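Residue-level structural notes
The residues making up each chain are set out below.
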Amino acid sequence: MVNNADFVSNNETMSLLTVPSNNKRKFSFPVQLHSGALSGDSVSTRRRLSNVGDIFGRKLSSTIGWKQPIPTQDIITQGKCLCGQYIRTKLKRAGIFNRKLGLQRIRSIVGTPSILIVREVFPAILCLAEELERMHPRIYTGVSRQITRNSTGDMPNVETACVLLAAVARNLFLNGINWGKIISLFCIVGGLSVDCVKQNHVDYLPKLVDALGEVIEDELVNFIHENGGWIGLSQRVIPESTELTIVEWLIIAFISIFVLFCIVLVIKFSCYLIFTNET
């Protein structure tokens, strides 16, 4: 079985991401992982007043910078899309990805504000996940062998895989929730997905993403909401940029000019020697 201490150990390395959760919900997983006397005029008047109040409240909140509540379903949907994207990246790196794996969840949010959040947050998740996997390669490799008693790590059915993933998540968040542990869970799901594909269980992948959605709904939604939604993660982590800065461009330009100047001098000096020898 998984050593809980191993999975939680990366929390120390991600201390900058740690944000205590004040309202931790009690972990609860299903066995199969399923997650008056008012007149007509008075009611109509109150409804109109309520609508006006809602509109005014939204305008006032956006004007003075108050945070709008994030719908729970949006947090769950965005989390599942982020997980699906991470699994795709993980499978591509392992050289076993194909378009018939059923990981097309991001299409379901095209044209909605969630697509912008997923695109902004995913680079941060990928950066942190790669760092965790680099620091603890043995933990996130061969996950199925670690969480089963089977020496080969083979999952007999998708329900077993989902239940085991839920048990690992329960142990991971037993003593608190932080962004580092959430990234660790993504790494676990990614490693388990690679094992499932290698075992020819490609049909397990959508169910694993759904199981992660159950974990988010039961365990993580309060923490994510209290910390600014998924976008709060990207605000805490700035992935290393591959673009060159102005100073770097100036250095490259200076070196290029210097090299070109040296080449011209060499050519002129060579021509001078040739001309001198001929005369």
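Let us look at the structure shown here.

Here is what the cut-offs are and how they apply
Residues numbered from 1 in each chain as written. Predicted model: local features only at pLDDT ≥ 70, side-chain atom pairs only at ≥ 80, totals over all residues. Heavy atoms only, no water. Salt bridge = Lys/Arg side-chain N within 4 Å of Asp/Glu carboxyl O. Helix = DSSP H or I, 4+ residues; strand = E, 2+ residues; numbered from the N terminus. Buried < 20%, exposed > 50% of the residue type's maximum accessible area, 1.4 Å probe, protein only. Expected span 1.5 Å × (residues − 1). Patch = residues over 30% accessible without salt bridge, like charges linked within 9 Å, V, L, I, M, F, W, Y side chains within 5 Å. Areas by Shrake-Rupley, 256 points an atom, 1.4 Å probe, with all protein chains shown as cover. Phe/Tyr/Trp six-rings, centres within 6.5 Å; stacked < 30°, edge-to-face > 60°. Core = buried A, V, L, I, M, F, W, Y, C linked by side-chain atoms within 4.5 Å. Contact = heavy atoms within 4.5 Å.

A word on the pattern of salt bridges. Throughout the structure, instances matching the rule amount to 5 salt bridges. Between Glu-133 and Arg-93 there is a salt bridge, and its shortest N-O distance comes to 2.7 Å. Of this pair, Glu-133 sits in helix H4 (residues 113–135) while Arg-93 sits in helix H3 (residues 72–94), and the two are 40 residues apart along the sequence. Residue Arg-93 is classed as partly exposed on the basis of its relative accessible area of 42%.

Turning to H3, a few remarks are in order. For H3, spanning 23 residues, the distance from its first C-alpha to its last is 33 Å, which sits close to the expected 33 Å at 1.5 Å a residue. One or two positions beyond H3, positive phi appears at Gly-95, with a value near 75°.

A contiguous nonpolar surface patch, about 790 Å² in accessible area, is contributed by Val-247, Ile-251, Phe-254, Ile-255, Phe-258, Val-259, Ile-263 and Ile-267. Here Phe-254 lies in helix H10 (residues 246–278).

Moving on to the packing of aromatic side chains. Across all of its chains, the model carries 3 aromatic pairs by this definition. Here Trp-179 and Phe-223 contribute two aromatic rings whose centre-to-centre distance is 5.3 Å and whose plane-to-plane angle is 70°, an arrangement assigned as edge-to-face. Placement of Trp-179 in helix H7 (residues 179–198) and of Phe-223 in helix H8 (residues 204–226) is noted, with a sequence separation of 44 residues between them. As far as the burial class goes, Trp-179 and Phe-223 line up, both buried. Between Trp-179 and Trp-230, the ring centres sit 6.0 Å apart and the planes meet at 50°, which makes this aromatic pair tilted. Of this pair, Trp-179 sits in helix H7 while Trp-230 sits in the loop between H8 and helix H9 (231–236), and the two are 51 residues apart along the sequence.

Moving on to the nonpolar core. Ranked by size, the top nonpolar core spans 59 residues in total, and within it Phe-173, Ile-182, Leu-185, Phe-186, Ile-224 and Trp-230 carry the most contacts. Elements represented by at least two residues in this core include exactly H3, H4, helix H5 (143–147), helix H6 (158–172), H7 and H8. If we skip the residues at most four places from it in the chain, Phe-186 touches Gly-79, Leu-82, Cys-83, Tyr-86, Ile-125, Leu-212 and Trp-230.

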